[in-house]
Amino acid sequence: MMHTQISRRHLLRSAMAGTAAVGLSPWVNSAWANPKITQLGHAPTLSGTEIDLVVDETLVNMSGKDRMAVTINGSLPAPTLRFREGDTVTIRVTNRLQQDTSIHWHGIILPFNMDGVPGVSFPGIKPGKTFTYEFTLEQSGTYWYHSHSGMQEQQGMYGAMIVEPAMPEPIEFDREHVIMLSDWTDENPHRIVEKLKIKGHYYNRNEPTVFDFFKDVKELGFGGAMQKREMWNQMRMSPTDLADISGYTYQYLTNGTPQKANWTGLFKAGETVRLRYINSAAASFFDVRIPGLKMTVVQADGQNVEPVEVDEFRFGPGETYDVLVTPVKEAYTLFAQSIDRSGFARGTLATQMGMSADVPEMDPVQWLETQDMMGAMNHGAHGGHAGHDMGGDTMDHSAHEMAANTQTDHSAHGAHDAHAGHTMAENPLAKPSQQVRHSKHEYGASVDMRVDTPRTNLDDPGIGLRNNGRRVLTYADLRTLGGPLDPRKPEREIELHLTGNMHRYVWSIDGVEYGKSEPIPFQFGERIRVILHNDTMMTHPMHLHGMWSELESPDGEFLVRKHTISVQPAQRVSFLVTADALGRWVWHCHIMYHMDTGMFREVVVS
């Protein structure tokens, strides 16, 4: 029997205790006495309507050092689950760990008490116990599942979930492969957090060098080079701060295998191959391409989209893209470089095992640009703001005391929206608000940067991919087939700011860390617009559980339905949500370390 009415304080204490215990387990535990070997590379497939999963610790060796992974049924990735839309499935999960565990079904629409978030949707699965998930699949497409307890996702607890459509598949292909990209570290994930708390840039090994200085002198002159560095020093930030954790400690995996193992998927010449890409990394964005092959994107986050032909796409933890390729040569490299260019995952698509193709060099490291710090600088409507400000604990904030609560409800602000050309007869919520409203909590020690003139365009592939000579997918390219699920316009609008302090390594929403926050209320049945405004220099993949996020253009035009939306630095995006799922849900950055340190909220639909 589940008990979801548990006090918030008790749940937070339980979650923290579980996290601490899990952090030690792969390095010091009884499983070392008789270790089981982890199956890597080709996850087994389980299908039907009743599935049994067992969570345990098993031995892996990614780098020459034995480590204990947290795995499901002994494989990494976990078994691929194949279901059919409309089926009611029963999944029994048995916990053989020495600490609590859980499984969250990422992107699946289900009752909240089946969502698998300890402390919110259920108490978690105790050691030695079995929890039975049961839900009806209301959708089809490519999804995945993972632990929502402690650091278990970083330690290998994730797998793919494919839901076949009830109607004939509209996407034609001859064969398919699941491509799960992830990151692995031999370090204790909690030790990683400790290091980041001491020095936020600890894993950044691409910081500017004396050679970069001389290069800038050549291009900008001595004064220009000095001015460039002075600007970054004043902000106390690094221009190469693209990822918290890098290839310095990470190995990047393709279906659980490191580069040298060269995971290989087979095809026959002339076949159309569907590749189901899933980013199951704990903290890494990947830039994906297959040199010599065009990719046609046909699905985003499990939802069919108008086909888009590209050379490359970027996706963050939690996101999925399905692409079609038609290979003609004998072998191609599946290449996925990390956003900070500190390493890459690699696999091969080939006509037979043992073949390989050339592996490209990684692209050069690029510095963050002005638009990544200050957004759009031509927003005359925003008055005299200087683009951004920083150093929340050193400024005079007396002028900002009128700022809103932890989430700003704009339902009453519609009439004051400054969109040019609107008449009083127009719906003030027809387009997303452009007026920036920082919470008063953003002017504290937990926030080191605020963006006053965000950029709202969605046609930017992001730092490192701009003008690289390849056709790169952007959100502006995506159109979900069939349009929005709910044709209604929003009834109200809320604005949430993604915030943090890199030096203190704390992440938050509206300047408030999860442990200090209150749930965000949604009224059952309402259609609501959410604005996510990124006040940091990092991209955040924001995942709302239980309800779809229908991304719109800056003009309010529906684009694509997603469960995870990546918000670039200094960017402001908006999407519509129909609050049609009663219960307690969560909303968080899917970079596990950001979630763990505070960028997390509970949402209550009532």
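Above this text you will find the structure in question.
Now for a description of the structure that goes with this document. Being a predicted model, the structure only gives us computed values, none of them experimental.

## Describing the overall build of the protein
So, point 1. For the protein, the count of helices and strands is five helices and 36 strands.
So, point 2. Looking at the protein as a whole, 62% of its 606 residues are labelled buried.
So, point 3. Residue pairs in contact within the protein that sit at least 24 positions apart in sequence constitute 78% of those at least 6 positions apart.
So, point 4. Taken as a whole, the protein presents about 23100 Å² of accessible surface, with 53% of it coming from carbon and sulfur.

## Overview of the packing of aromatic side chains
So, point 1. Applying the stated criterion to the full structure yields 23 aromatic pairs.
So, point 2. With centroids separated by 4.8 Å and ring planes inclined at 75 degrees, the aromatic side chains of Phe131 and Tyr133 adopt a geometry described as edge-to-face.
So, point 3. Since its relative accessible area comes to 12%, Phe131 is described here as buried.
So, point 4. A ring pair is formed by Tyr252 and Phe286, whose centres lie 5.7 Å apart and whose planes are at 90 degrees; its orientation type is edge-to-face. Of this pair, Tyr252 sits in strand S13 (residues 250-254) while Phe286 sits in strand S16 (residues 286-289), and the two are 34 residues apart along the sequence. Comparing Tyr252 with Phe286, the two get one shared label, buried.

## Regarding the sheet that holds strand S12 (residues 175-185)
So, point 1. Across the sheet, which stays open at both edges, the six strands sit in the order S13-S12-S15-S20-S17-S18 with mixed pairing between neighbours. Single-partner strands in this sheet number two, and they are S13 and strand S18 (303-310). Put simply, the sheet's adjacent strands are angled 20 degrees from each other on average, direction ignored.
So, point 2. As defined by bridge partners, S12 adjoins strand S15 (residues 273-279) across seven bridges and the pair is classed as parallel. In the sheet register, Ile179 faces S15, and the bridge partner there is Tyr277.

## A word on the environment of Val325
So, point 1. Secondary-structure assignment places Val325 in strand S20 (residues 320-325).
So, point 2. If sequence neighbours within four positions are ignored, Val325 has contacts with Glu271, Thr272, Val273, Leu275, Ile290, Leu293, Lys294, Met295 and Leu349.

## Re the side chain of Glu319
So, point 1. Among the secondary structure elements, Glu319 is positioned in the loop between strand S19 (312-315) and S20.
So, point 2. A residue is classified by how much of its surface remains accessible, and Glu319, at 1% relative accessible area, is buried.
So, point 3. A distance of 2.5 Å separates polar atoms of two side chains, one belonging to Glu319 and the other to Tyr475.
So, point 4. In contact with Glu319, not counting residues within four places along its chain, are Tyr277, Ile278, Asn279, Asp301, Tyr475, Lys562, Thr564 and Ser566.

## Concerning the nonpolar core
Buried together is how nonpolar side chains tend to be arranged in soluble globular proteins.
So, point 1. Trp105, Tyr133, Phe135, Tyr277, Phe522 and Trp587 are the most contacted members of the largest nonpolar core, which totals 126 residues.
So, point 2. The element contributing the most residues to this core is strand S35 (residues 583-589), with four residues.
So, point 3. Setting aside residues no more than four positions away along its own chain, Phe135 makes contact with Asp87, Thr88, Val89, Ile91, Trp105, Ile108, Leu110, Pro111, Met114 and Met161.
So, point 4. Val60, Met62, Ala160 and Trp184 belong to the second largest nonpolar core, which has 13 residues in total.

## Considerations on the side chain of Asn501
So, point 1. The residue Asn501 is located in strand S26 (residues 492-501) in this model.
So, point 2. Here Asn501 falls in the buried class, since its relative accessible area comes to 6%.
So, point 3. For Asn501, the side chain forms a polar contact with the main-chain oxygen of Ala445, separated by 2.9 Å.
So, point 4. Setting aside chain neighbours within four positions, we find Asn501 in contact with Ala445, Ser446, Val447, Asp448 and Val506.

## Notes on unusual backbone geometry
So, point 1. Between Leu76 and the following residue, Pro77, the backbone shows a cis peptide bond with an omega angle of 0 degrees.
So, point 2. Relative to the helices and strands, Pro77 resides in the loop between strand S5 (75-76) and strand S6 (78-84).
So, point 3. Phi at Asn262 is positive, roughly 50 degrees, even though this residue is not glycine.
So, point 4. Of note, Asn262 is situated in the loop between S13 and strand S14 (263-266).

## Points about the pattern of salt bridges
So, point 1. Tallied over the full model, the rule gives 39 salt bridges.
So, point 2. Where Glu493 meets Arg529, a salt bridge forms, and the shortest distance between an N and an O atom there is 3.1 Å. Of the two residues, Glu493 is situated in strand S26 and Arg529 in strand S29 (residues 527-534); the sequence distance between them amounts to 36 residues. Both residues of the pair, Glu493 and Arg529, belong to the buried class.
So, point 3. Here the salt bridges do not stand alone but share partners, grouping Arg82, Glu164, Glu169, Glu176, Arg274, Arg276 and Asp322 into one network.

## Considering the sheet that holds strand S11 (residues 158-164)
So, point 1. In spatial order, the strands read S2-S6-S11-S10-S8; together these five strands make up an open sheet with mixed pairing. Edge strands, defined here as strands with exactly one partner in the open sheet, are strand S2 (45-47) and strand S8 (104-106). Taken over all neighbouring pairs, the strand axes of this sheet differ in orientation by 25 degrees on average, direction set aside.

The rules behind the values
- Residues numbered from 1 in each chain as written.
- Predicted model: local features only at pLDDT ≥ 70, side-chain atom pairs only at ≥ 80, totals over all residues.
- Heavy atoms only, no water.
- Helix = DSSP H or I, 4+ residues; strand = E, 2+ residues; numbered from the N terminus.
- Buried < 20%, exposed > 50% of the residue type's maximum accessible area, 1.4 Å probe, protein only.
- Contact = heavy atoms within 4.5 Å.
- Areas by Shrake-Rupley, 256 points an atom, 1.4 Å probe, with all protein chains shown as cover.
- Phe/Tyr/Trp six-rings, centres within 6.5 Å; stacked < 30°, edge-to-face > 60°.
- Pairing = 2+ DSSP bridges.
- Axes fitted to C-alpha atoms, helices over the stretch in contact; angles between N-to-C directions.
- Polar contact = N/O pair within 3.5 Å; in protein donor to acceptor, adjacent residues only side chain to side chain.
- Core = buried A, V, L, I, M, F, W, Y, C linked by side-chain atoms within 4.5 Å.
- Salt bridge = Lys/Arg side-chain N within 4 Å of Asp/Glu carboxyl O.

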